Each structure stands twice: as C-alpha cells, then as structure tokens.
2 protein chains.
Amino acid sequence: MVEITRLEPKEKTGLVVVITGHGKGKTTTALGIAVRACGHNIGTCIIQFMKGDIYAGEWDGIKKMDCPVELISTGKGFCGIQGNPYPYEEHKENAQDALQITHQKIESGRWDILILDEINNALHLKLVDLDQVLEIIRTKPREMHLVLTGRDAHPEVVELADTVSEVCEVKHAYQKEIEPQPGIDY
Amino acid sequence: MVEITRLEPKEKTGLVVVITGHGKGKTTTALGIAVRACGHNIGTCIIQFMKGDIYAGEWDGIKKMDCPVELISTGKGFCGIQGNPYPYEEHKENAQDALQITHQKIESGRWDILILDEINNALHLKLVDLDQVLEIIRTKPREMHLVLTGRDAHPEVVELADTVSEVCEVKHAYQKEIEPQPGIDY
C-alpha cells in the first residue's frame, strides 16, 4: 500500500507561466492544466488567440468537463501562414477583441486560472502590443494564475514569468508526410 | 464570420508520440491530449508509472470528463528522489505491474490512445527494460496512438517515434522558492 500525501501550499501564489517553443504540445499543455485544475475545483478560462478557423477537439472536449471551465476561440487562424485568406487587419481586430475579453474575464473575478493561448505568437506578429501584454501580467489579481502559450515568447514576458518551458521540436509526423490525426494533432 | 474547416485524414495512422525533457508540461500535455480526444469521442487510457504517492488534480479531473477516458496510477512516487521511502525493488515491481496493465489495455481493444506517463523515466531508472518498451511500440495495433512521456527518453524510443517534443526548463517557480500550487503544479 502507498500512503497518499496531499500537498497544500502555505501561501497561495498566482503564477505567471509561459509555454513557448516550436514543438508540439503548448496548447495541449494548456488543456491539461484545465484537467488538473478541475480535480481541485479550480476554475479555468482559456482564451484562444488566432484560432477558430479549423475545428479542434478541445472545443467540445472542454464542454464535456463537469467543472468550472470555459474555452473561447476568437480568431480566424494563423495570420500570414499559407492558405489563410484573412487580411492582417482582420486578424489584428480579432486579437484586440480577445484582449477585451481577457480584461472582462479578469474583472469578473470568476477564474482562478486564465490561459491566453497563442498570445505569444500574436505578440510576435504584432497583433497585440508588448505593453498590452505586460499590463495584463502586471495588473492581474495576485492569486490568479496566468498562462501564456505560443511560440516566440517575448523576452520581457519571459523575464516577468515564474515558470517558463520551451517545447522544442525534435521531430514531427508531418516530416514523414503523415496527415494531422484527430485527438493528437487537432 | 469565419468558415470552419473540418480536417479529416485520408488515412488513420496510429502515431508514436514522445514528450520528454526536463521542463514542466509533459504529464500536462498527456492530460491535454485526453481533452482533445474527448471532443472527437476518441477514447484515451492513461497509465501513470511511478506516480501515486502525491495527490494530483488529474486523478479527479479525468473522472469529471464525460467521455471514454481512464487514468490509472500504479506507482509509489519517483524512485530514488530525496524523501521517497520505498525501496528500488518495490518501484520495479510497480513498474512491471504497470506494463502488465498496459498489455491488458492494448488487448482490450477499447482504447484509441494509450498514454504511458513517465515510462521514459521508468526506463531510464531501469524499472522497465528497453526491450519491454520497444516491444510495446513495435506490436501496438496499427491505428492506436501511443504516447510516452517522461524525461530522458531512450534514443531507440526516440528513433521509433513519429513526433517527439523536448520540453526544456527555461525557469521554474521553485527556483524562487515558491511552493507547488494546486492546478498548476499538481
């Protein structure tokens, strides 16, 4: 038999977590945080920047979780990549709308964890400004965890963060011309 | 308005995915795969090696998901780390039990995705043998996805995998002596 330890921090500290890098697993990590939080009855809100044009399993997966969790997709796909038909200005408008939603969600006081999925990438593409992101980090409620995902995280965001992981691509199935698979890739 | 594309691979290919590295986010990625799969009604079974001595939110989080998903913790914590009181032989026995469960789950035919959480680490610590892991990879059903997480993935496992991400630690809150926080760290 094994004795189960239950950790309990003496102090509740709202962390700033950055998940960046070019490998597979950044958004997936964000979704996993929601599962872990769910077990603790901790509420998680995920706002996806630049996503919304390709169906992803998490849109329905999150709805099937019996706990306080919400996922909002605000975008029209990855700005500037081949095949994306929407103009830069439209992507920028969507990202600015996502920031507004971010502030509303923070002000609501309902969420213990706020995940801004792909915001690093949105910042890198100048769909949002550095000052806008730094303001969110600096003014967030002290106990609220803030998770920022997406490749090419800005050095000043990394500087302010408590925990930063870089997900590096060692290899990926697309290099063998294997198509994206549901459940794993989307 | 945005038109939503629904991808559908011409061929269903069971991928071998390895999530390794010393950074935060490997088990979390595994949990996120379950959320994504859930939206597609794809069944996910997670077998955790070397875990079971410290309560983790995912144990209850997974139970709150309304889809075919299962999580089994088989271990007694990280073998060899400071404070873990169980002898090596006991950890090894647990890991061998976990392999037996793995084979049962594969033979059941019930699972589209099988996640072996921390198996890379268990192999590195010689709680399981390389041949045992390679056998699972080589004989798994063609359409079943197999995900192997844990630091220090074996080069032969990486060689056989389709997608490999290395999660590197840029920094971590414990370096600032912030205690582990529920929802984020466990």
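Values in this document were obtained by computation on a predicted structure and should not be read as measured data.

Asker: How should I be thinking about the sheet that holds strand β2 (residues 44-48) of chain B in this particular structure?
Answerer: Strand pairs in the sheet, formed through backbone hydrogen bonds, run parallel or antiparallel to each other. Strand order in the open sheet formed by twelve strands is β3(A)-β2(A)-β4(A)-β5(A)-β1(A)-β6(A)-β6(B)-β1(B)-β5(B)-β4(B)-β2(B)-β3(B), with mixed pairing between adjacent strands. With one partner strand each, in any of the chains shown, β3 (69-73) of chain A together with β3 (69-73) of chain B form the two edges of the open sheet. Strand after strand, the sheet turns through a mean of 15 degrees between neighbouring axes, direction not considered. Across the sheet, helix α3 (residues 88-108) of chain B lies against β2, β3 and β4 (113-117) of chain B, angled at about 170 degrees from β2 of chain B, the strand it touches most.

Asker: What am I meant to see in the packing of helix α1 (residues 26-39) of chain A against helix α1 (residues 26-39) of chain B here?
Answerer: When two helices pack together, their arrangement is given by the angle between the helix axes and the distance between those axes. Between α1 of chain A and α1 of chain B, whose axes approach to 6 Å, the crossing angle comes to 85 degrees. The angle between α1 of chain A and α1 of chain B falls in the class roughly perpendicular. Between α1 of chain A and α1 of chain B, the contacting residues are Thr 27, Thr 28, Thr 29, Leu 31, Gly 32, Ile 33, Val 35 and Arg 36 of chain A on the first element and Thr 27, Thr 28, Thr 29, Leu 31, Gly 32, Ile 33, Val 35 and Arg 36 of chain B on the second. For the contact of α1 of chain A with α1 of chain B, the per-class residue count stands at six nonpolar, eight polar and two charged.

Asker: Help me out: how do you make sense of the relation of the copies chain A and chain B in this one?
Answerer: The second copy of the chain is related to the first by a rotation about an axis and a shift along the axis. Superposition record for chain A on chain B: RMSD 0.0 Å, screw rotation 180 degrees, translation along axis 0.0 Å. Taken together, the rotation and translation describe the operation of a two-fold axis. A shared interface surface links the copies, since 100% of the contact residues of chain A are contact residues in chain B too.

Asker: Is there a simple way to think about the side chain of Thr 102 of chain B in this case?
Answerer: All names here are of chain B. Checked against the element boundaries, Thr 102 lands in helix α3. Given the relative accessible area of 0%, Thr 102 is considered buried. When residues no more than four places from it in sequence are discounted, the contact partners of Thr 102 are Ile 47, Phe 49, Leu 114, Leu 116 and Ile 136.

Asker: Explanation requested: the pattern of salt bridges in the structure shown.
Answerer: Any two side chains of opposite charge can pair, on the condition that their charged atoms come close. Residue and element names in this part refer to chain A. Under the criterion given, the structure shown has 18 salt bridges over all chains. One salt bridge connects Lys 76 with Glu 90, and the closest N-O pair in it is separated by 3.5 Å. Residue Lys 76 is found in the loop between β3 and α3 (88-108), and its partner Glu 90 is found in helix α3; the two are separated by 14 residues along the sequence. Overall, the relative accessible area of 10% leaves Lys 76 in the buried class.

Asker: Quick question: what am I supposed to make of the confidence of the model for chain A here?
Answerer: Should the pLDDT be low somewhere, the predicted coordinates at that spot are not to be read in detail. Mean pLDDT for chain A: 96, with 100% of residues reaching 70 or above. The ipTM for the predicted assembly is 0.96, set against a pTM of 0.96.

Asker: Honestly, the packing of aromatic side chains in this entry has me stumped. Any pointers?
Answerer: Where two aromatic rings form a pair, the distance of their centres and the angle of their planes describe that pair. Counted by the stated rule, this structure contains two aromatic pairs over all chains. With a centroid separation of 5.6 Å and an interplanar angle of 80 degrees, the aromatic rings of Tyr 55 of chain A and Trp 59 of chain A are classed as edge-to-face. Each of the two residues, Tyr 55 of chain A as well as Trp 59 of chain A, counts as buried. Stacked on the ring of Tyr 55 of chain B, the Lys or Arg Arg 6 of chain A has its end atom at 4.0 Å from the ring centre.

Asker: Would you take a moment to explain the side chain of Asn 84 of chain B for this structure?
Answerer: All names here are of chain B. With respect to the secondary-structure elements, Asn 84 resides in the loop between β3 and α3. Overall, the relative accessible area of 16% leaves Asn 84 in the buried class. One polar contact links the side chain of Asn 84 to the main-chain amide nitrogen of Tyr 86, over a distance of 3.1 Å.

Asker: Explain the state of the cysteines to me, please; I cannot follow it from the model alone.
Answerer: Covalently bonding the sulfur atom of one cysteine to the sulfur atom of another cysteine gives a disulfide. Tallying each qualifying case throughout the model produces two disulfides over all chains. In this model Cys 38 of chain A forms its disulfide with Cys 67 of chain A; the gap between the sulfur atoms is 2.1 Å. As the torsion about the S-S bond is roughly -105 degrees, the Cys 38 of chain A-Cys 67 of chain A disulfide counts as left-handed. Placement of the pair is Cys 38 of chain A in helix α1 and Cys 67 of chain A in the loop between α2 (57-63) and β3, with a sequence separation of 29 residues. The buried category is assigned to Cys 67 of chain A, whose relative accessible area is 16%. The closest cysteine sulfur to the non-disulfide-bonded Cys 45 of chain A is located on Cys 67 of chain A, 13 Å from its own sulfur. Free of any disulfide, Cys 168 of chain A has its nearest cysteine sulfur in Cys 168 of chain B, 4.0 Å distant.

Cut-offs applied
Residues numbered from 1 in each chain as written. Chains lettered and ligands numbered in written order. Predicted model: local features only at pLDDT ≥ 70, side-chain atom pairs only at ≥ 80, totals over all residues. Heavy atoms only, no water. Pairing = 2+ DSSP bridges. Helix = DSSP H or I, 4+ residues; strand = E, 2+ residues; numbered from the N terminus. Axes fitted to C-alpha atoms, helices over the stretch in contact; angles between N-to-C directions. Contact = heavy atoms within 4.5 Å. Parallel < 35°, antiparallel > 145°, perpendicular 65-115°, else oblique. Nonpolar A, V, L, I, M, F, W, Y, C, P; charged D, E, K, R; others polar. Least-squares fit on C-alpha atoms with pLDDT ≥ 70 in both. Buried < 20%, exposed > 50% of the residue type's maximum accessible area, 1.4 Å probe, protein only. Salt bridge = Lys/Arg side-chain N within 4 Å of Asp/Glu carboxyl O. pLDDT = per-residue confidence, 0-100. Phe/Tyr/Trp six-rings, centres within 6.5 Å; stacked < 30°, edge-to-face > 60°. Lys NZ or Arg CZ within 6 Å of the ring centre and 35° of its normal. Polar contact = N/O pair within 3.5 Å; in protein donor to acceptor, adjacent residues only side chain to side chain. Disulfide = S-S within 2.5 Å.

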